[in-house]
Amino acid sequence: MIKISHLVKNYGNFCAVDDISFEVAKGEVVGFLGPNGAGKSTTMNMVTGYLSSTSGSVTIGGVDILDDPLNAKRLIGYLPEQPPLYPDMTVAEYLSFAYDLKGCTFNREKHIGEICDVVKITDVKNRLIKNLSKGYKQRVGIAQALVGNPPVIIFDEPTIGLDPKQIIEIRNLIRTLGKEHTVILSTHILQEVQAVCDRIVIINKGKIVADELTENISRAVENTRRFNVKISGPQRDVLATLRNLPGISYAEVLAARDGDAYTYMIESEVGVDIRKKLFWTLSDKGWPMIGLEALGMSIEDIFIAVVDKTDEEKRPGLRQDRKKKPDSRRAAAEKAMASEIVEKTADDRKRSGDGEPEEEAPAGDYYEDHTVTEDTFAKMTEKAAADREERAGDGGEKKGE
Amino acid sequence: MLAVYKKELRSFFINPVGFVFTGIFLTLAAFLCCFTTLKTKTYSTSNFFYYLVLSLIVLIPLLTMRSFAEERKMRTEQMLLTAPVTITGLVLGKYLASFTIFAGCLLVSCFDFVPLYIVGKAEAALNKDAITHIGPVTSQIAASVLGVLLIGAAFIAIGVFVSSLTENQLSSAIITIAVLLVMVAVNVLNTIGSDSEGTRLINSYVVRYIIDWMSILSRFSSFRYGILDWSALVYYLSLSFIFVYLTVRVYERRRWA
């Protein structure tokens, strides 16, 4: 649905985006990650046709954004970093303007009403935008992107300034949208990516450094062999026992202390589930285990490791001294995983670059109809109403009992 | 384009700017009309239109200062430029909205001539055997209104263009005033000094001719006397066209920068 190939953007001598290529299939939700100044927003702006690229091309549903901007832009709903709101308009006026601007042909009142219901701004519909709180403004921005039910939706940090409940609602909304729409989501909040996206693209210094299915990353993250165990007992003896226990490759005492119990970090050997054995051993010794916590690697760790790694590669001299003293075993494991991901991405990119020249899109494809036929928002509001009724029904029954 | 046009028109009257502009314009026109015709006991409206054009130098920037500067500052241009609208449509929408307000004000202020006609009619009734026409000359007024409309169109194009270059409403307004002032007042240079005393500021006839040719005001004089001057018409229209086109180019260029 979205095809970005060899996209480059130079600002004078500064290269903001350096040869980015990726594709997003229809119905895919892609998380676009990267540290500040990595070129996320620039890429988004090029994909939506706000900026032009120095070289490379972007096609939306087979339509090149520079060759035929009107038809390409018709397919996109875009929420920029700073929601583009007119403070002197009311929410309803503003959405009505967006509706006109996009040249929609739905039933205006109904369509806008549905969108307001979906992002929950119906109760502020007649208020001036300048009087709304940050969260509401953000939601109005989201609503604006949804007007016209475009098949491609691009969100630049959509959940900034929302309260936790709203964040969850918006994430659910994005997930629902992802069933029929193609969504690109740029964000700093990594849990969000993990919760919502099918695929994660990490970009650093204008280059793609990782491109992996969320599933794969999550699996790698969950497949942990490290635990924090809290054991009540003499510290030295416990540590010695842990170290001698077959199946444990590493053990150390962490500083945390709880009464006479200490926290130990252990790492099992590959393919061994140490937990049961550990329990029986400790119970034999008469040292009660009062806590066991699996140390998953968080997606943050991977993100940081990937970014760090690519930074290192770019400036080998600067990071040399830091490299020499590994902070901990944990960091080492992350680094290993990060380099695996980075190398895989680099390989993929190399392979795709070597391959035969891209085949031209068939002529018929160009005018393919990408309009989302299903009335997404109507369905959503219906569903919400049904849920509410159900809940109300449940409440009634309970009262009846 | 229509969406932008409608939104612009509405935003003029959501903001105080629209009311301030119409208020000042109509009041000023009424005062000018009163002082240049009724007070000075003449039916000639040429002075009225002359002063009206001068006051447009200050009034038009009020109208155009917001158009693009505000969009840029509020980052709303991102919405406009990623919407399925051409840049030409966008600029034209904004331009035409400003022009509509201006034209509306001008046409409404034509009612200022009603007392002139009433007085003229009364005086004509008193001097039935007068050979000359008594009362205001409708063709003169019509031509002048057309001339002012054209000048306004050109001024608005310039204002919109300046607004597209800045991010600040105030600087946009001030720069527009400066530009308009120069364009209107260049032919004043020609009239400084006199030939008989040898104190002419610009001695070369060619330079004077060119300055006169460029000046907005010198071309207006034929309209004031009821003459439809085609070269002036083309001049004003092309001036508007050039600046609308330049505004479009500014936006195209910024995308590529």
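Here's a quick rundown of the structure. (Residues numbered from 1 in each chain as written. Chains lettered and ligands numbered in written order. Predicted model: local features only at pLDDT ≥ 70, side-chain atom pairs only at ≥ 80, totals over all residues. Heavy atoms only, no water.)

1. Quick notes on the overall build of chain B
Part 1 of the reasoning: In terms of helices and strands, chain B carries 13 helices and zero strands.
Part 2 of the reasoning: Counting from the amino terminus, helix and strand elements in chain B follow one another as α-α-α-α-α-α-α-α-α-α-α-α-α.
Part 3 of the reasoning: C-alpha atoms of chain B, sized along the principal axes, occupy 70 × 45 × 30 Å.
Part 4 of the reasoning: Across the 257 residues of chain B, 50% fall into the buried class.
Part 5 of the reasoning: Taking all contacts inside chain B whose residues are at least 6 apart in sequence as the whole, residues at least 24 apart take part in 75%.
Part 6 of the reasoning: Per element, the accessible surface of chain B, about 12200 Å² overall, is 71% carbon and sulfur.
Part 7 of the reasoning: The distance from the centre of the 20 positive side-chain charges to the centre of the 13 negative ones in chain B is 7 Å. (Helix = DSSP H or I, 4+ residues; strand = E, 2+ residues; numbered from the N terminus. Buried < 20%, exposed > 50% of the residue type's maximum accessible area, 1.4 Å probe, protein only. Contact = heavy atoms within 4.5 Å. Areas by Shrake-Rupley, 256 points an atom, 1.4 Å probe, with all protein chains shown as cover. Lys, Arg positive; Asp, Glu negative; His and termini not counted. Charge placed at Lys NZ, Arg CZ, Asp CG, Glu CD.)

2. Remarks on the side chain of S5 of chain A
All names here are of chain A.
Part 1 of the reasoning: Tracing the backbone through its elements, the reader meets S5 in strand β1 (residues 2-11).
Part 2 of the reasoning: Classification of S5 as buried rests on a relative accessible area of 13%.
Part 3 of the reasoning: Excluding residues within four positions of it along the chain, S5 makes contact with I20, S21, G56 and S57.

3. Description of helix α2 (residues 16-38) of chain B
Residue and element names in this part refer to chain B.
Part 1 of the reasoning: Across its 23 residues, α2 extends 32 Å between first and last C-alpha, which sits within 8% of the 33 Å expected from 1.5 Å per residue.
Part 2 of the reasoning: Along α2, the residues that are buried comprise V17, G18, F21, T22, F25, A29, L32, C33, T36 and T37.
Part 3 of the reasoning: Of the surrounding secondary structure, the elements contacted by the buried residues of α2 are α1 (2-14), α3 (46-64), α6 (87-109) and α7 (114-126). (Expected span 1.5 Å × (residues − 1).)

4. Some details on the pairing of strand β13 (residues 261-268) of chain A
Residue and element names in this part refer to chain A.
Part 1 of the reasoning: In terms of burial, β13 is largely enclosed, as eight of its eight residues are buried.
Part 2 of the reasoning: Covered by surrounding structure in β13 are A261, T263, M265 and E267 together with Y262, Y264, I266 and S268, the residues of both alternating faces.
Part 3 of the reasoning: Strand direction decides the pairing type here: strand β11 (residues 226-232) and β13, joined by seven bridges, are antiparallel. Within β13, the position partnered with N228 by the bridge is M265.
Part 4 of the reasoning: Sheet topology places strand β12 (residues 248-258) next to β13; eight bridges connect them, and they run antiparallel. The partner of A251 across the bridge, within β13, is I266.
Part 5 of the reasoning: Connecting β12 to the antiparallel partner β13 that follows it, the hairpin turn spans two residues, and G259 within it adopts a positive phi of roughly 65°. (Pairing = 2+ DSSP bridges.)

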